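Spelled out from the first residue to the last, the chains are:
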Amino acid sequence: MDSDVMAPAGSVSNIDHSMLRIIDYIWDEHKSFLQQLQNNHGSCWSSILCDFIHYTLAQQEKQCWDSIFKETNMRRNRLGPNVVGFPEKKMEYDLMTDPMGLVARENFVSVMANVGVYGGKWQYEVVISSSGVMQVGWATRSSHFNAEKGVGDTPDSYSYDGNRQRSWNTSSRKYGDTWQSGDVITCGIDMDKRSITYYRNGRSLGKAFDAIATGQGYVYFPAVSLSKHEVLVVNFGSQPLLYPMEGYNNLEAAPSLQLQQAEACLNKWFRSLLRVVFSDSLQLQLFGPTMQPSEAECVLLTTAFQIMVTLKSFLTDVHAGVHLAHSVLLKFISSLIPSSFMTLAPDHSQVLALNKEQLKELMYLLDVMHAAFDSESTSKVLQRVLLHIVTLAREPASNLQLPRHCDALRLLTALLLHEPTRMLFVDRLLFVGVRLQSLFCYCVDERVMQTLLPEVYWSSQDGALQFGDKILFQSRLNVLYTALKSIEQLHVTVLSLLLTVETGMPYARTTRARFLNKLCAVTIKRNISPSRMLQVPALPFFHSLLQTLGQLWMSELPPGSRICVPPHVFFDGSVSLMESNRLGGDNIHLIKTLADQRSKALFNKQVVFGQEYPVVTPGKLRSGATGVCWVDGDGLHSSDSECLSSTGTLSSTDAEGTDGINSSAGTSGKAGTCSTAGTGSSDATRNIDFSAASSSGGGSSTGSPAARTASLQDLCNCVVLLYHHSVRRSLQRVGVAKESLNSAISRICAVTQRIKEIEAMNRPPAAVLSELRQSLALLQKDCDRQVMVQAWHRAVSFAPFRLAALINLLHIVANTVKASESSGATFAFLPDYYIEVLSHLSLGLADSFMIEYPVVDDEKSLYESIMVFLCRHFLDPRIRYTDSKEHLMQTVAFYVTCPATLSLLEGLDHRSQESLVENLLQPYENRVWAQNNWILVRFWKGSGFAFRFHLSPHLKTKITPKPSYSDNCMQLIKPCPSLVLQSTVAKVLASDAAAASRFVSSLLNQLNWAFSEFIGMLQEIQNFSSRLERVFIDSRQLRICCTCFELTVSLLRVLEMVVTRAPQLFLGAPVSRSAQPDVLLSMLCKLLCHVMNRVSVGSSGCFTRIVSLEIPGLDSLHHYPLLTAAAGILIALLKDDLNHQNDAEHDAVATKALVSEPSFQITPFEALIDGPDIDGSSVSSSYARNLDAISAVASAPGPPAAPAPAAPAAQHRAPLPHLRNPESSGPEAMEVESPTLSLATTSGSPQSQAASEIRAFSLRQHPEDVNEQELEAVVRCVGHLQEYLSKPSVASPSDELQDCVICYARRAIAVFLPCRHSSCRACISQHLMNHKECFFCTGLITSVISGLTGETIISKENSPETDSSEAALNSVRSTTPSSVQDSMDTDSPRLFEPVLVAQRQSSPLPNFLTSHSSSTLSAHLTSNPSLNSTNNSSLNSTNNSSLTPTNNSSLTPTNNSSLTPTNNSSLTSTNNPSINSASYSNYSSVIDSGSSALADESLMNDDR
């Protein structure tokens, strides 16, 4: 190079000389024009360079016209504008730009592009962003699409649907592969050969169509059809195709001129400049030794700036910019990244060190770009780069190394090493849409898994059937784990860069602070209510973020702070809580009500752990080579004595549990200091001071440990939030896939067993065997596919290193919850999602997730610590948020169901077990009790009478859809009884008789309600089935009916456990006035008779009739669950009487109470064992005698209707048809055609007709489920009752004028004070267990006295003086005949005394009814809001369907004979003038409102 060519005549400065030399080195052309520019501009080198570069580009443009003209000639046979796109229609779909994409808003939207072709070879690409139903192809303008017909559904349209693996042209055939999200589909059309071909990720799928219509008028346009919410990205050529087809043209031409000019700017000029910048020898050669470094830097920056300004006009162009960013800028950036970069996957510190070593040229390029571009231009260019990186990262890989995904991450890492670029990515680019999550999504093609796992392994749950080599299969999975672990390290490196804390700036301006703010405000908030249009798997991103948290948690937090998120951050505003709910209710309300406790906690920021929690030590998985334990706070338990001796301070929680913080401000010390209460009691605590670590705010310096600690606590909270809002749904889907695989294996086992049975025959049918073997082959193929899919999901979600991270997260969450609970009243500030994550994650790791590792056994101490919290606080009064209560209840329910967790629960300390049982045995009033009851059922299932089934026996032979899992469904729960917890239940019930009585009373009340509601619904269904016209049964009503049935069965089972384990509650002597066993025994006998009379086939037959109809939706209804539970109660109740059956001095209390119940009948009990034999060949005589009544009652339900056509006597009833109601505006309804339900016949005896239509239930029909010992126990009980009934009984003469008007079974000798109304002792005792108001006047009852002796029966606080008691006694005695007073002194029930209508015509009524007229009564009810049916929705017949005859057929006189005037004259207006028909409904409401414990007599008692 001649250095003197460009020198001017005068003296030249060093700058001018250097500029001339650098221009000559880079361009080496157009020297005369450069001389002219220098003469015009002097030493203004910026203007000189700008003009010179533009002149050079103009000369280059002239040379390109020939090539551009040739390309134009090659692009014939095309119609339309140069820029290809879709029409903008916002109603049907959303159109995205840069890159172009479609989001369907309506069902099956079809869109056609604006450019068509009629000859030649053409192609375009689509990126599948969601793997739903989409049809991609070509169509002519004559194709008319709608919501039912899309691309490929008309004669002149052709498409490929990878979701269904079909090609479509009015008909379909199997074609291609099943596509995945991220796949790149290339659509090519060859008009010359009349063929259409598709490529998937660069691999040809073959010709889809080879004879398309061509010729005059046939112009094909790109067209796609999408189902609702499906998303795809289309590339017609605006950017380079990822997998172009050889010989095909893009629909949109590449910007050739701009492409060559941009290539010259970067690859030629800027690359030459970079050689000078980073070569000292070359600078010395060009500038000479006298050049100062600052002057050389000025020359180089000026040149680079002008080149980049020129490049800006190309990269920001509306149409060509996208293509240039991908084909020029990205390639140039990739060329600046050395091949050795990130190959060893170094950690975060090593990556930062590489910033100056390997990526100096890239950092210089980005510096110049940020200097030359404005912020908007920089953001636009880098956005296009980022979108291309996202597309590469999501593409399914062709091998386990995921090369394109790794290349994308290395490119992103290199960009993030530049600080301004990193902040720009966080502030403006990464959190748009789902870009951040998409960067961490990866998958492999199915062929990769087939190559990795040529032979799979699976086994049945019982291990009886196994397929494949388990050891080989596990070794291949380890290869997959290793490959994904290297990918995970790349992810962690990227996130570590995004969580960088830069030096020299306030924390609030660092990348970490910006990232955390965006993460909470954008990503997590979007996942709270995710839309299908933005669905991207969040699981890979979550796992990578969790691994990053673990590394930073261990490296940045000081020892002693790696425990939990301290409780004070939930009310001091230091972390983002996303307006979450708090355990104690509304946050603003809590701040006002707990202001003092909050102030104390903020002053003394200590983490307090109660002494009752056990020490948590990491298991083998976290302490081994595969994982690391992040949490080290639980070591405090072992160093309590050392801390106490070194500090000399004490700390304990408040005695009343209101503050829960250290009362002494002087006890706070440095982080990690702990102190222990010296009392040694169970309330002692261990404290860790966080005041120093959390004192600084957002403006603190970056070097402060407090700022880093607070940021990591915020990051941990974000991880928990992300798990709660998004990840748990993904993990639940993984659990569903596990259940699907188990079902497939079960089907294989069943078919295999059937094949063996047929092969064992003498002459096996060949056709049947062939069909079975074909079915078995298909099932095995499907099972192998599911195993491969689950192997991938297991590696992505539950590889050993990821499983260890999940356990660490559970440990931190558990410590956070325990620390918050130990803080006292401020526990109410804890966000609800911590409880939900604790519940879901602990349950999933224990059993629900696809994990073979024994997590519970390995992390025994962690699970024990969680169980202690649950046992003691799952009904904590500080927890008022309903969903949190539900989650805690569900967690307890699962722990007592899973054998692994149940064994740990049984090994807890007795205090925790007793706390659990005490919480469960709280009365069922005023709380959600159903889940509580299911937990008690889980204690008992496996120990109860014939209660050992996994699936109820009556469902085993039915071909019905598999019932979905429900927390209220006992049918799917495996028997897992706990004798330890049953003993604890007995111990708690025996320790406090009064509390036990309240619980049992509430249990009986809820049983009465559930069964009454169930029977009422059955009667409504029966009425529907008896109509001649078609009626529709709402499916919601069927579900409610089944729910009431399940509740009834569960309540009966709990009652069985209580009677078995604590019989003294019913048969013992009264220990206090609030614990009266005789009252509970009376209630129990009444309900037991009620259930037996209604369910047994010997009663009205309503239950039996509905069961026999086999209505879809009522499959769970059967005699077996109810009657076996009732039989268990009967056996437990009569156990003591049977053991002393031959003892003449034994008082058979239970037997007397049962047979003394007015509704008692021996027939239903006899039917338990006296039904037909197992083979149905005979019916016993005692049961046959009752068939008359069965047939008579069952054949006449509901109001009279037109007679049905007669049927032959031997013809059985046809099944009930159920069709979808096409006109129903609500949920799906069941259509019932009543003629098929008719039971009327014209021939045959009543006995034969009943026997042919209704088959009696008997325990003998289930020999596999009811063993001989259980059957013998029932036989003994029934025989005992028959023997007792055969004995003569003597009832003292009585006057029925003194009967209790509530039950009409006992004498009304109990007088209420001060209102002086009266009833029998049993009714008022039962009523006062739950209420304080009088039956009749709703006045407050202060005490109850005996009308005979005057002694106080029940005493309340503030009882009246003795004179009022004496006055009440005298009032009762004055109305009692002397001949009757002797018979009233015992208040004993009458045994088997006939109920005569004539004797009850003069029955006394309550005082307020006899002393007022009917009009006065109506006025009294109207003036009292608690009794007014209008003001009280619980009594309003309009709002309460249980009181209206229309909605509840159980109250209609036709269906319930106990309410008819014939059977109960005491309720008729004729016999009782003071009760007219208008006031009777209110009077019934008063009685029902006054005692919820007493059932309506129409349902409780069947009048004999």
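Cut-off values and rules
- Residues numbered from 1 in each chain as written.
- Predicted model: local features only at pLDDT ≥ 70, side-chain atom pairs only at ≥ 80, totals over all residues.
- Heavy atoms only, no water.
- Salt bridge = Lys/Arg side-chain N within 4 Å of Asp/Glu carboxyl O.
- Helix = DSSP H or I, 4+ residues; strand = E, 2+ residues; numbered from the N terminus.
- Buried < 20%, exposed > 50% of the residue type's maximum accessible area, 1.4 Å probe, protein only.
- Expected span 1.5 Å × (residues − 1).
- Contact = heavy atoms within 4.5 Å.
- Pairing = 2+ DSSP bridges.
- Core = buried A, V, L, I, M, F, W, Y, C linked by side-chain atoms within 4.5 Å.
- Phe/Tyr/Trp six-rings, centres within 6.5 Å; stacked < 30°, edge-to-face > 60°.
- Axes fitted to C-alpha atoms, helices over the stretch in contact; angles between N-to-C directions.
- Parallel < 35°, antiparallel > 145°, perpendicular 65-115°, else oblique.
- Left-handed = near helix turned anticlockwise from the far one by under 90°.
- Nonpolar A, V, L, I, M, F, W, Y, C, P; charged D, E, K, R; others polar.
- pLDDT = per-residue confidence, 0-100.
- Polar contact = N/O pair within 3.5 Å; in protein donor to acceptor, adjacent residues only side chain to side chain.

Trainee: Break down the pattern of salt bridges for me, citing the residues and quoting the values.
Mentor: Taken as a whole and judged by the stated rule, the model has 29 salt bridges. Across the salt bridge formed by Arg773 and Glu759, the nearest N and O atoms sit 2.7 Å from each other. Here Glu759 lies in helix H22 (residues 705-759) and Arg773 lies in helix H23 (residues 766-798), a separation of 14 residues in the sequence. Arg773 sits in the partly exposed class, given a relative accessible area of 44%.

Trainee: Requested: an account of unusual backbone geometry, with residues and values cited.
Mentor: Put simply, Leu1313 and Pro1314 share a cis peptide bond, and its omega is 10°. One can find Pro1314 in the loop between strand E23 (1310-1313) and strand E24 (1318-1319). Look at Asn201: it is not a glycine, yet its phi comes out positive at around 55°. Structurally, Asn201 can be placed in the loop between strand E12 (195-200) and strand E13 (203-209). Unlike most non-glycine residues, Arg1316 shows phi in positive territory, near 70°. Within the fold, Arg1316 resides in the loop between E23 and E24. Residue class for Arg1316 comes out partly exposed when judged on its relative accessible area of 38%.

Trainee: Break down helix H28 (residues 882-895) for me, with residues and values.
Mentor: Helix length check: H28, at 14 residues, gives a terminal C-alpha distance of 20 Å against a target of 20 Å (1.5 Å per residue), a fit within 8%. Every buried residue of H28 is accounted for by Ser884, His887, Leu888, Met889, Thr891, Val892, Ala893, Phe894 and Tyr895. Contacts made by the buried residues of H28 are with H22, helix H25 (832-848), helix H27 (860-873), helix H29 (899-906), helix H30 (910-920) and helix H31 (930-940).

Trainee: I'd like a description of the sheet that holds E23, backed by residues and values.
Mentor: Read from one edge of the open sheet, four strands run E24-E23-E25-E26, paired in antiparallel fashion. The sheet is open, and its two edges are formed by E24 and strand E26 (1352-1355), each paired on a single side. When E23 meets strand E25 (residues 1343-1346), the two strands line up antiparallel, connected through four bridges. By the bridge assignment, Val1311 is partnered in E25 with Ile1345.

Trainee: Help me get a handle on the nonpolar core, residues and values and all.
Mentor: Membership of the largest hydrophobic core comes to 332 residues, with the highest contact counts inside it found for Phe270, Phe515, Leu845 and Phe1014. A per-element tally of this core places H22 first, with 19 residues. Discounting chain neighbours no more than four positions away, the residues touching Phe1014 are Cys1041, Cys1044, Phe1045, Phe1103, Leu1117 and Leu1122. Ranked by size, the runner-up nonpolar core spans 39 residues in total, among them Met134, Tyr220, Leu226 and Leu232.

Trainee: Go over the packing of aromatic side chains, please, and point to the residues and values.
Mentor: By the definition in use, this model includes 38 aromatic pairs. When the centroid spacing of 5.2 Å and the interplanar angle of 25° are considered together, the rings of Phe798 and Phe849 count as stacked. Taken together, the residues Phe798 in helix H23 and Phe849 in the loop between H25 and helix H26 (855-858) connect sequence positions 51 residues apart. Ring centres 6.1 Å apart and planes at 65° place the aromatic pair Phe949 and Tyr1120 in the edge-to-face group. In this pair, Phe949 sits in the loop between H31 and helix H32 (953-956) while Tyr1120 sits in helix H39 (residues 1119-1139), placing the two residues 171 residues apart along the sequence. On the accessibility criterion, Phe949 (7% relative accessible area) is buried.

Trainee: Now, about the side chain of Ser797: what can you tell me, with residues and values included?
Mentor: Its location among the elements puts Ser797 in helix H23. Since its relative accessible area comes to 1%, Ser797 is described here as buried. Once you skip the residues sitting within four places of it in the chain, Ser797 turns out to touch Leu539, His543, Leu731, Arg802 and Leu806.

Trainee: With reference to specific residues and values, describe the packing of helix H15 (residues 470-498) against H23.
Mentor: Look at H15 against H23: their axes get within 10 Å of each other, and the N-to-C directions meet at 45°. On the basis of the axis angle, H15 is oblique to H23. Between H15 and H23 lies a crossing of right-handed hand. Together, Phe473, Leu477, Leu480, Tyr481 and Leu484 of H15 and Val787, Ala791, Trp792, Arg794, Ala795 and Val796 of H23 make up the contact between the two elements.

Trainee: Residues and numbers for the packing of helix H10 (residues 375-394) against helix H12 (residues 419-429), please.
Mentor: A packed helix pair is summarised by two numbers, namely the angle formed by the two axes and the spacing between the axes. Axis separation between H10 and H12 bottoms out at 11 Å; the angle between their running directions is 85°. Here H12 runs roughly perpendicular to H10, going by the angle between their axes. From H10, Ser375, Glu376, Thr378, Ser379, Leu382, Gln383 and Leu386 reach across to H12, where they touch Thr421, Leu424, Phe425, Arg428 and Leu429. Grouping the constituent residues of the contact of H10 with H12 by class yields five nonpolar, five polar and two charged.

Trainee: Summarise the confidence of the model for the chain; cite the residues concerned and give the values.
Mentor: Model confidence for the chain is summarised by a mean pLDDT of 75, while 74% of its residues fall at 70 or above. Below a pLDDT of 50 lies the segment residues 634-686, which in the model reaches 114 contacts outside its immediate sequence neighbourhood of four places, other chains included. Low confidence marks residues 963-971, where pLDDT is under 50. Its contacts with residues over four positions away, or in another chain, come to 25 contacts.

Trainee: Now, about the side chain of His1280: what can you tell me, with residues and values included?
Mentor: Take His1280: it is sitting in helix H45 (residues 1268-1286). Side chain to side chain, His1280 and Thr1151 meet in a polar contact 2.9 Å long. Ignoring sequence-local partners within four residues, the contact set of His1280 consists of Leu1134, Asp1137, Leu1138, Gln1141 and Thr1151.

Trainee: Let's hear about the environment of Arg166: which residues, and what values?
Mentor: Within the fold, Arg166 resides in strand E9 (residues 166-169). On the accessibility criterion, Arg166 (26% relative accessible area) is partly exposed. Arg166 sits 12 residues away from Thr178 along the chain, and the two C-alpha atoms are 9.1 Å apart. Once residues lying within four places of it in the same chain are set aside, the contact partners of Arg166 are Ser159, Tyr160, Asp161, Ser172, Arg173, Lys174 and Tyr175.

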